[in-house]
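# Close look at the chain arrangement
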Amino acid sequence: MNTSENSERLKRWRLVLGGGSADGTGCPLGGDEARMDAALARLYGDDEGEGEEGKPNSRKGGLGKSRPGVARWLGDIREFFPKSVVKVMQQDALERQGLRQMLLEPELMEDLAPDVHLAADLIALKDTMPARAKDTARLVVRKVVEELERKLAEPMRSAVAGSLNRSVRNRRPKHNEIDWHRTIRANLKHYQAEHKTIIPETRIGFGRRKSALRDIVLCIDQSGSMGSSVVYSGVFGAVLATLKAVQTRMVVFDTEVVDLSDKLQDPVDLLFGVQLGGGTDINRALAYCQTLVSRPQETILVLVSDLYEGGNQAEMLKRAAALAGSGVQVIALLALSDDGRPAYDHAVAAEFAGMGIPSFACTPDLFPDLMAAAINKQDLGQWAAANDIVVAK
């Protein structure tokens, strides 16, 4: 057996035995093998097991509350194991997590505090739940969504609607529609010195249109690491869909692309159409989004992703450049969550910066103001700086 074959065999035994002094291989793991080992350890590790010389086994079990959470773990096992094995591991996860019993007793859900991470985990596990458990999971997710809507919907509507109203000019405004700053500037030549006042011969006001003023495309990475961002995006997408002055589309992707725009009326249905976990093909998602653009100058494309491309990165960068070059306002949100500064692909973010595509993380409470700034075509770099947000370079 050559050295390469021996090394591969040792790695396989190392993955089977779980590491620590008990495995006897002395074989270190790195890269994908380390991620595969971590995925196995979180499910099948044994806190009580001991290795040789009475030393505890290094493999620790349980999926628990630890980051990156169940959704990312599901994404890892889908990447590294065949579907038949993934199904078995997901069923084992349900049993070991204790979620099955909890979900089969709806009365236990009544006192559960709404939590976006719990919602993301339930959505990730939805395909392995029995029917009754899935019904309860939907109730829990609806509870989370309703809590988020109470907190976020009105700021979103106010910020976006206010911006849209001010993007249209009306030469015959009602009193409460007058844009006083523009009206004064337009009538300075009519200043009456003796009366110290301006005669407003021309009045300029804010107006409305019946047709959409902006087309908004939310392009959401549904890989496991983006769980909470997907939940927030779904809620904001549903709120935007209620505003007649914008046309909103929502697209989710991993290695496949799914258009969930027809589910925006019910954010819970929308979220249960998401398949958290799996790989990432941003290029494919952007290719689909290109087909949705009919008015580049009036289109805002929000890509919510950590920018780790599993597909053709060179083609993805060309496609992003083409979208930005056509006049589409492209924004890359590295995360839409309260979880702090996320991990992301710095090289891709730097390429985006060179194209004029800002890349930064955004908390949910700032997202309405971000959309208002985008609608008003403000410099988003300046907007981010004013809100103490670090833009990737």
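For the structure, check the block above.
Residues numbered from 1 in each chain as written. Predicted model: local features only at pLDDT ≥ 70, side-chain atom pairs only at ≥ 80, totals over all residues. Heavy atoms only, no water.

### Concerning the side chain of aspartate 345
Examined against the element boundaries, aspartate 345 turns out to sit in the loop between strand E9 (329-336) and helix H13 (346-354). Buried and unpaired, aspartate 345 has no salt bridge, with arginine 35 as the nearest side chain of opposite charge at 12 Å. Of note is the side chain of aspartate 345, whose polar atom sits 3.0 Å from the backbone nitrogen of valine 348. Contact partners of aspartate 345, with chain neighbours within four places excluded, come to Asp306, Leu307, Tyr308 and Gln313. (Helix = DSSP H or I, 4+ residues; strand = E, 2+ residues; numbered from the N terminus. Buried < 20%, exposed > 50% of the residue type's maximum accessible area, 1.4 Å probe, protein only. Lys, Arg positive; Asp, Glu negative; His and termini not counted. Salt bridge = Lys/Arg side-chain N within 4 Å of Asp/Glu carboxyl O. Polar contact = N/O pair within 3.5 Å; in protein donor to acceptor, adjacent residues only side chain to side chain. Contact = heavy atoms within 4.5 Å.)

### Considerations on the pattern of salt bridges
Scanning all chains against the criterion turns up 9 salt bridges. Residue arginine 142 pairs with aspartate 266 through a salt bridge whose shortest N-O separation is 3.2 Å. Here arginine 142 is found in helix H7 (residues 131-166), whereas its partner aspartate 266 is found in the loop between strand E7 (257-259) and helix H10 (267-271), with 124 residues between them in sequence. A relative accessible area of 31% means that arginine 142 is categorised as partly exposed. Linking glutamate 147 and arginine 150 is a salt bridge whose minimum nitrogen-to-oxygen distance equals 2.6 Å. With glutamate 147 and arginine 150 both in helix H7, this residue pair falls 3 residues apart, about one helical turn.

### Regarding unusual backbone geometry
If you check the backbone angles, lysine 196 has positive phi at about 50 degrees while not being a glycine. Mapped onto the fold, lysine 196 is located in the loop between strand E2 (191-192) and strand E3 (197-198). Backbone geometry at lysine 377 places phi at a positive 55 degrees, although glycine is not the residue there. By the secondary structure assignment, lysine 377 is in the loop between helix H14 (367-375) and helix H15 (380-386).

### Some points on the packing of aromatic side chains
A full pass over the atoms with the stated rule returns 2 aromatic pairs. A centroid spacing of 4.7 Å and a plane angle of 40 degrees characterise the contact between phenylalanine 236 and phenylalanine 367, whose relative ring orientation is tilted. Taken together, the residues phenylalanine 236 in helix H9 (residues 227-241) and phenylalanine 367 in helix H14 connect sequence positions 131 residues apart. A residue is classified by how much of its surface remains accessible, and phenylalanine 236, at 0% relative accessible area, is buried. Taking 6.1 Å as the distance between ring centres and 40 degrees as the angle between the ring planes, the aromatic pair formed by phenylalanine 360 and tryptophan 383 counts as tilted. With phenylalanine 360 in strand E10 (residues 359-362) and tryptophan 383 in helix H15, this pair connects stretches of sequence that are 23 residues apart. Of the two residues, phenylalanine 360 and tryptophan 383, neither departs from the other in class, the shared state being buried. The aromatic ring of phenylalanine 272 is capped on one face by arginine 138, whose charged end is 4.9 Å from the ring centroid. (Phe/Tyr/Trp six-rings, centres within 6.5 Å; stacked < 30°, edge-to-face > 60°. Lys NZ or Arg CZ within 6 Å of the ring centre and 35° of its normal.)

### Observations concerning the packing of helix H6 (residues 116-125) against H9
Contact pair H6 / H9: the axes reach a minimum separation of 8 Å and the direction vectors enclose 100 degrees. With respect to H9, the element H6 is oriented roughly perpendicular. Taken together, the residues of H9 that come into contact with H6 (itself represented by Val116, His117, Ala119, Ala120 and Ile123) are Gly227, Ser228, Val231 and Tyr232. Class assignment for the residues of the contact of H6 with H9 results in 6 nonpolar, 3 polar and no charged. (Axes fitted to C-alpha atoms, helices over the stretch in contact; angles between N-to-C directions. Parallel < 35°, antiparallel > 145°, perpendicular 65-115°, else oblique. Nonpolar A, V, L, I, M, F, W, Y, C, P; charged D, E, K, R; others polar.)

### Examining the side chain of asparagine 187
Among the structural elements, asparagine 187 can be located in the loop between helix H8 (180-186) and E2. Those residues within four positions of asparagine 187 in sequence are excluded, and the remaining contacts are Ile198, Ile199, Pro200, Glu201 and Thr202.

### Regarding the sheet that holds strand E6 (residues 246-253)
Here 6 strands make up an open sheet; going across it, the order is E7-E6-E5-E8-E9-E10 and the pairing mixed. Of all strands in the sheet, those bounded by a partner on one side alone are E7 and E10. Within the sheet, the average angular offset between the axes of one strand and its neighbour, ignoring direction, is 25 degrees. Taken together, the 3 bridges between E6 and E7 define a ladder with antiparallel strand orientation. Bridge pairing in E7 links valine 252 to valine 258. Packed on one face of the sheet, H9 meets strand E5 (214-221), E6, strand E8 (299-304) and E9 and runs near 160 degrees to E5. (Pairing = 2+ DSSP bridges.)

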